[in-house]
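The chain contents come next:
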Amino acid sequence: MKELLRLPVTCNKDCGGGCPLIAEIRDGRLLRLLDNPLKPPAMRGCVRGYQMARTVYHPRRLRAPLLRSGPRGSGRYREVGWKEALRVVAERLERIRAAGDPQAVMRLGGSGSPRGALHNTDLLTKRFLSLFGGFTDLSGSYSAGAELFVNPYLFGPAHAGSAGIDAATLRHSRLILLWGANPADTRFGAELCTRIREQRRRGTPVITIDPRCSRTARSLSDQWIAVRPGSDTALMAAILYVLLEEELVDRVFVREHSLGFEALERYVLGRDDGEAKTPSWAGEICGTGRDVILRLARLYGKSRPAALIPGLSIQRTIGGEEAIRMAVALQTATGNVGVPGGSSGSSAWGRLPDPRCGRMTVPPGGPRPEVPEYRWADAILEGRSGGYPGDIRALYNVGGNYLATGSDVRKNIRAFAKVDFSVCHDCFLTPTAAHCDVVLPVTTFLEREDIVFPESNHLLYSHKAIEPVGQSRNDYDIFCGLADLLGFGREYSLGRSAGEWLECFLEESEIPDADEFRRTGIYSGPEQERCGLSEFAADPEGFPLSTPSGKIEIASAGYARLGFPAFPTWRGFRTGEEYPLYLITPHARYRTNSQHANDPWFVERETQLLWMHPRDAAARGIPEGSRVEAASPQGKLRVTVRVTEEIMPGVVCLLAGMWPEIGGDGVDTAGSANILTSTLPTQPSQSSRTHSVAVDVRPA
Ligand SMILES: Nc1nc2c(c(=O)[nH]1)N[C@H]1C(S)=C(S)[C@@H](COP(=O)(O)OP(=O)(O)OC[C@H]3O[C@@H](n4cnc5c(=O)[nH]c(N)nc54)[C@H](O)[C@@H]3O)O[C@H]1N2
Ligand SMILES: Nc1nc2c(c(=O)[nH]1)N[C@H]1C(S)=C(S)[C@@H](COP(=O)(O)OP(=O)(O)OC[C@H]3O[C@@H](n4cnc5c(=O)[nH]c(N)nc54)[C@H](O)[C@@H]3O)O[C@H]1N2
Ligand SMILES: [Mo]
């Protein structure tokens, strides 16, 4: 029996984590993944990482480049050699460049491997297309578009990326509010759950605010407060009302650290519109009891410090911009910003600087007009005449499965059908790959070496655990090959091998001992309890923010110029008569976005069911466990129903990420949530509204 090899690795996935793992390998074969024993104690991996051998050796893993041989979407391809595949891609791209319009190529994807210094699907593609001569890029993000948009108005451009906290600071919290956050399933760093659990054990109450009783509400919280989707801003306004009425506002902190609180106060007290934003007012909008709101407000006002931790869900709604702005206003009103155990009220994770380390760069290159990611399909279908920067003729998709994860799948299919040429790098023939003309098989993170940036003050080293499966290649090597054919190979690679890039990145890093880093797989930054904006909180004049006023701008003149109230107001989403139910589409525990949806082992652990309250089911004659049809203006799907009190009346829930299976009648039978979602975005950020969906449901 050959010797067992153990190598430090880490998932390079858009999974919310970034976990220190160990790969066990025997005879060149990956056996399993487990937690790296040298990890900091609070960090934990998760099932999606531990089970990666299933993905790596999946029977449907792509093993050779594919050229389309049937209609788009038919799944008919012929296997070809790399030489032929790369020649076809280069020729088609060259044709577009020769016509003088490289921006007719749109970049898609990026979240396949977004954490790597080198094997970074996002940066590698941008570098390639930039040197190619230009391309149409995507701005914002499916994940956090509204939040990324409002942060600079709140904190200033230079501070927008430092308003987060390290999870370890929660040991100072006297109250933790998980507001539309479900970290027991959707990971936000490898530490958060452990830290919350530890703090709860010390007696700190944890409250989860969510339309459904999520795993976090069930297993990590003292209380579940149900709230109608997209109504969070109203609930927050009512909390502020109580704080004002009961003199629980930290007036000194507000005066020294913020601008525009008076305007918000007038709104909340109803001074201008005659409508006080009382708990009764909010109760109507939110479907939350008046007394529940009152008790929550008092507990919050009296527990200092309190960490209000929003998930990204509350901003993937119509008016989601205001939910984040109001959360920041609440944390400011209570003096919780920039203090250990508090939080800024904006997203807590991924909003602190990474440890210093080199990573792949994107040189200026050609022009790069942008369209909001949420509108990529509209930009293709409407083009220049629809007000978009240009007409798109080709799609370059690297690590994205937008025909499952993009809102309005049927529109997305039309967009893919419209272009002249499309190419995809992926490990599987996803629904998106199946609409591309060329599909190039790529390695997973276990088949290559990299430095990875997790969601904390660490760097992780990920060794190459196994040889590439089949003929799959690294995205980097694919781009090097294409750049050679297109005449900019040298500029793309700078003559460096992958290993030489990593050496360079390490030289630029703060890591004192690179050999030790490679051996342990973990580098921990010196400061593990960072609390964003703490200098400003302690000394607002000495360390002003980069907003025009130097303070947190609760009311922003710049924001008002966009045609929206300067201060946050509730302008949420309401369903209508034809489609009366609110649909939410959260992320799955056993998937990373749409990944693993093609593996029965994962799917069986989290059967795709539409959650519905008994009252709504009874009103429609829908028995538990039956098949139902859910419909929105965008499409229809059939799925099995779970009738449960774990979701509030009037709301239904379907986890995102299933690969659509659309029948001849146009109806999806896989329960792929984005059949029902719309690309009409929340404004002004032009971002996701995948939790603001109006549907109706009837027996199938
Ligand atoms: N296991 C796993 N972890 C992941 C991912 C994954 O796919 N799987 N994806 C990663 C990525 S890319 C991202 S962006 C993040 C996403 O992280 P989040 O955006 O926080 O995740 P969601 O699952 O969309 O929503 C979190 C919770 O909010 C609730 N919710 C939905 N709408 C509302 C609302 O209007 N108000 C309130 N108060 N609650 C609401 C949902 O029921 C859910 O329980 O997770 C990351 N982590
Ligand atoms: N209804 C609804 N829709 C949503 C959401 C929601 O909450 N509700 N959430 C949205 C969010 S937050 C996000 S981030 C998006 C994510 O949407 P996508 O970016 O489409 O995410 P994934 O499904 O993870 O697709 C990543 C693809 O990359 C491939 N891949 C993995 N590793 C590599 C690699 O190294 N190289 C290459 N080339 N490919 C690789 C995987 O096989 C997979 O097919 O979905 C959004 N869609
Ligand atoms: Mo995301």
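Everything here concerns the structure above.
I will try to describe carefully the structure that is included in this document. As the structure is a computational prediction, the values presented were derived from the model and not from experiment. Chains are numbered independently. Their residues run from 1 in the order of the written sequence. A letter from A marks each chain and a number from 1 marks each ligand, given out in the order of writing. Reporting of local features is limited, given that this is a predicted model, to residues whose pLDDT is at least 70; pairs of side-chain atoms are given and counted only at 80 or more, and all residues count toward the totals for whole chains, interfaces and linings. Heavy atoms throughout the structure, all of them, feed into the side-chain values; hydrogens and water do not.

## Considerations on the layout of surface pockets
For cavity detection a 1 Å grid was placed over the protein atoms alone, and a set of points counts as a cavity when a 1.4 Å probe fits there but cannot get out; an open set counts as a pocket when protein lies on both sides within 12 Å along at least five of seven lines, with lining residues being those that have an atom within 4 Å of a point. Grid points are joined across faces, edges and corners, and a volume is the space filled by probe spheres set on the points. Its volume calculated, the second largest pocket comes out at about 690 Å³. If you go around the second largest pocket, you meet 31 residues; those closest to its centre are Arg60, Leu429, Thr430, Pro431 and Trp659. An automatic or database domain assignment supplies the residue ranges for each domain. Taken together, domain 1 (77–135 + 367–452 + 469–506) and domain 3 (581–699) each give at least three residues to the lining of the second largest pocket, which thus spans both.

## Some remarks on a positive patch on the surface
A patch consists of residues exposed above 30% relative accessible area that lack any salt bridge, with like charges linked at up to 9 Å and nonpolar side chains (Val, Leu, Ile, Met, Phe, Trp, Tyr) linked at up to 5 Å. The accessible surface values rely on the Shrake-Rupley method and a 1.4 Å probe; as for residues, cover is taken only from the protein chains in view. Salt bridges are counted wherever a side-chain nitrogen of Lys or Arg sits within 4 Å of a carboxyl oxygen of Asp or Glu. For the purpose of charge, His is not counted, nor are the chain termini; Lys and Arg are scored as positive and Asp and Glu as negative. Lys charges are placed at NZ, Arg charges at CZ, Asp charges at CG and Glu charges at CD. Together, Arg44, Arg197, Arg201 and Arg202 make up a region of like positive charge exposed at the surface. The way it works is that DSSP assigns letters per residue, a run of H or I at least four long becomes a helix, a run of E at least two long becomes a strand, and they are numbered from the N terminus. Structurally, Arg202 is set in the loop between helix H6 (192–201) and strand E9 (206–209).

## Structural notes on the site of ligand 2
For this description, a residue counts as near a given molecule or strand if any of its non-hydrogen atoms is within 4 Å of it. Neighbouring ligand 2 are 30 residues; Ser111, Asn401, Thr405, Asp426 and Ser594 lie closest to it. One of the side-chain N or O atoms of Ser113 is found 2.7 Å from an oxygen atom in ligand 2. A distance of 3.4 Å is found between an oxygen atom of ligand 2 and a backbone nitrogen or oxygen belonging to Thr592. Here ligand 2 has 930 Å² of accessible area as a free molecule, and 95% of this is covered by the chains. For the shell around ligand 2, the secondary structure elements donating two or more residues are helix H15 (402–405) and strand E15 (421–426). When grouped by side-chain class, the residues that make up the shell around ligand 2 number 5 nonpolar, 20 polar and 5 charged. Residue contributions to the shell around ligand 2 reach at least three from each of two domains, namely domain 1 (77–135 + 367–452 + 469–506) and domain 3 (581–699). Definition of a polar contact: a pair of N or O atoms within 3.5 Å, with one able to donate and the other able to accept a hydrogen when the atoms are protein atoms, and with sequence-neighbouring residues admitted only if both atoms are side-chain atoms. Nonpolar residues are Ala, Val, Leu, Ile, Met, Phe, Trp, Tyr, Cys and Pro. Charged residues are Asp, Glu, Lys and Arg, and all others, Gly as well, are polar.

## Things to note about the sheet that holds strand E24 (residues 635–643)
Pairing within the closed barrel is mixed, and its 6 strands lie in the order E21-E25-E22-E24-E23-E26. Across this sheet, the average inter-strand angle for adjacent strands is 45°, counted without regard to direction. Relative to strand E26 (residues 693–699), strand E23 (residues 627–632) runs antiparallel, the two being bridged by 4 bridges. When the sheet's bridge partners are listed, Ala631 is paired in E26 with Asp696. Think of it this way: DSSP has to see at least two bridges between two strands before they count as a pair. Axes here refer to lines fitted to C-alpha atoms; in helices the fit is confined to the stretch in contact. Angles between the N-to-C directions go from 0 to 180 degrees.

## Some points on the site of ligand 1
Neighbouring ligand 1 are 36 residues, the closest being Asp210, Asp232, Arg316, Arg591 and Asn593. At a separation of 2.9 Å, an oxygen atom of ligand 1 approaches a polar backbone atom of His587. Measuring from an oxygen atom of ligand 1, one finds a backbone N or O atom of Asn593 at 2.7 Å. Notes on ligand 1: free accessible area 910 Å², of which the protein chains cover 98%. For the shell around ligand 1, the residue count by class is 12 nonpolar, 14 polar and 10 charged. Viewed by domain, the shell around ligand 1 spans two of them, domain 2 (148–352 + 530–560) and domain 3 (581–699), each represented by three or more residues.

## As for the packing of helix H3 (residues 82–98) against helix H17 (residues 475–485)
Any two packed helices are characterised by the angle at which their axes cross and by the distance between the axes. Contact pair H3 / H17: the axes reach a minimum separation of 9 Å and the direction vectors enclose 60°. By the angle between their directions, the pair H3 and H17 is classed as oblique. In this structure, the crossing between H3 and H17 has a hand that is right-handed. Of H17, the residues touching H3 (which contributes Trp82, Leu86, Arg87, Val89 and Ala90) are Ile478, Gly481, Leu482 and Leu485. Among the residues making up the contact of H3 with H17, the classes are represented as 7 nonpolar, 1 polar and 1 charged. What sets the label is the angle itself: under 35 degrees gives roughly parallel, over 145 gives roughly antiparallel, 65 to 115 gives roughly perpendicular, and the rest give oblique. Whether a crossing is left-handed or right-handed is set by the direction in which the near helix is turned from the far one by less than a right angle, anticlockwise for left-handed and clockwise for right-handed. Throughout, a residue-residue contact means that at least one pair of heavy atoms, one from each residue, lies within 4.5 Å.

## Some words on the packing of aromatic side chains
Aromatic contacts are taken between Phe, Tyr and Trp rings whose centres are within 6.5 Å, Trp giving its six-membered ring; a plane angle under 30 degrees counts as stacked, one over 60 as edge-to-face, and the others as tilted. One pass over the structure, following the stated rule, counts 20 aromatic pairs. Measuring from ring centre to ring centre gives 5.5 Å for Phe128 and Phe488, while their planes differ by 45°; the resulting arrangement is tilted. Linking Phe128 in helix H4 (residues 121–132) with Phe488 in the loop between H17 and helix H18 (489–493), this pair joins segments that are 360 residues apart in sequence. An identical accessibility class is assigned to Phe128 and Phe488; each is buried. Ring centres of Trp376 and Tyr402 lie 5.6 Å apart, and the angle between their planes is 40°; on these two criteria the pair is classed as tilted. One end of the pair, Trp376, is in helix H14 (residues 376–382); the other, Tyr402, is in helix H15, with 26 residues separating them in the sequence. Exposure is judged per residue with a 1.4 Å probe applied to protein chains only, and the accessible area is read against the type maximum: over 50% gives exposed, under 20% gives buried, and values in between give partly exposed. Relative accessible area serves as the criterion here: at 4%, Tyr402 is assigned to the buried category. Members of the aromatic cluster, connected to one another through ring pairs, are Phe128, Tyr396, Tyr476, Phe479, Phe488 and Tyr492.

## Section: empty space enclosed by the protein
According to the stated counting rule, one finds 3 cavities of 30 Å³ or more in the structure shown. Of the pockets and cavities examined, the largest cavity occupies roughly 70 Å³. Around the largest cavity, the lining residues are Asp166, Ala167, Ala168, Phe188, Gly189, Ala190, Glu191, Trp349, Glu455, Ser456 and Gln528. Per-class residue counts for the lining of the largest cavity are 5 nonpolar, 3 polar and 3 charged.

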